Amino acid sequence: MSSDKAIGIVETRGVVALSAGIEAMIKTADVRCIAVERVTSGYLAAAVQGTLAAVRQAVSAGEAAIRQHGDLRSSQIYPKPHPATAALLESGDSTRIRTVIAELQGNS
């Protein structure tokens, strides 16, 4: 990860609020969603990555959308994160999420 990259994380309660936040972040700025995690019962977090300016703009838009659709628990921006931090987020549970989606599609 180059030094001009940043990571932004938002945490909320509920899938609808998180979905609205992710949608707003991705549509507002040139960022990509690198992780979606279940923090605890009912609480979820999403992380986006891009340039510092784009991440700031995206997190701001995500916070507004989350507040409109639910409860914003927390948000944070990490400029110039250590490569290990980004690697942890990127290798998170995306495979688990894909597995769950595949199982749900197979059961419908």
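Since this is a predicted model, take the numbers as computed values, not measurements.

## Points about the pairing of strand E2 (residues 32–40)
1) Next: Direction of pairing for E2 relative to strand E3 (residues 43–51): antiparallel, over a ladder of seven bridges. Note on E3: the bridge partner recorded for valine 36 is alanine 46.
2) Next: Adjacent in sequence and paired antiparallel, E2 and E3 are bridged by two residues, among which glycine 42 carries a positive phi angle near 85 degrees.

## Concerning the packing of aromatic side chains
1) Next: Applying the stated criterion across every chain, the model contains zero aromatic pairs.
2) Next: Here the basic side chain of arginine 73 rests over the ring of tyrosine 43, its NZ or CZ set 4.1 Å away from the ring centre.

## So, the sheet that holds strand E1 (residues 5–13)
1) Next: The strand order across the open sheet formed by four strands is E2-E3-E1-E4, and the pairing between neighbours is antiparallel. Each having just a single partner strand, E2 and strand E4 (71–79) make up the two edges of the open sheet. Strand-to-strand twist across the sheet, computed as the mean angle between neighbouring axes with direction ignored, equals 15 degrees.
2) Next: Sheet topology note: the E1/E3 ladder contains nine bridges and is antiparallel. Residue pairing in the sheet places threonine 12 in a bridge with leucine 44 of E3.

## Details of the confidence of the model for the protein chain
1) Next: Scored by pLDDT, the protein chain has a mean of 84; 80% of the residues are at 70 or more.
2) Next: No element of the protein chain has a lower mean pLDDT than helix H4 (residues 94–107), which averages 55, and none a higher one than helix H2 (residues 52–69), which averages 96.

## Examining the nonpolar core
1) Next: Counting residues in each nonpolar core, the largest one holds 16 residues, and the members touching the most others are Val10, Leu18, Met25, Val31 and Ala46.
2) Next: Contributions of two or more residues to this core are made by E1, helix H1 (15–28), E3 and H2.
3) Next: Considering every element that reaches this core, the biggest residue donor is H2, with five residues.
4) Next: The contact partners of valine 31, leaving out residues within four places of it in the chain, are Met25, Ile26, Val48, Gln49, Gly50, Ala54, Val55 and Ala58.
5) Next: Counting residues in each nonpolar core, the second largest holds six residues, with Ala35, Ala47, Ala86 and Leu89 among its members.

Here is what the cut-offs are and how they apply
Residues numbered from 1 in each chain as written. Predicted model: local features only at pLDDT ≥ 70, side-chain atom pairs only at ≥ 80, totals over all residues. Heavy atoms only, no water. Pairing = 2+ DSSP bridges. Helix = DSSP H or I, 4+ residues; strand = E, 2+ residues; numbered from the N terminus. Phe/Tyr/Trp six-rings, centres within 6.5 Å; stacked < 30°, edge-to-face > 60°. Lys NZ or Arg CZ within 6 Å of the ring centre and 35° of its normal. Axes fitted to C-alpha atoms, helices over the stretch in contact; angles between N-to-C directions. pLDDT = per-residue confidence, 0-100. Core = buried A, V, L, I, M, F, W, Y, C linked by side-chain atoms within 4.5 Å. Buried < 20%, exposed > 50% of the residue type's maximum accessible area, 1.4 Å probe, protein only. Contact = heavy atoms within 4.5 Å.

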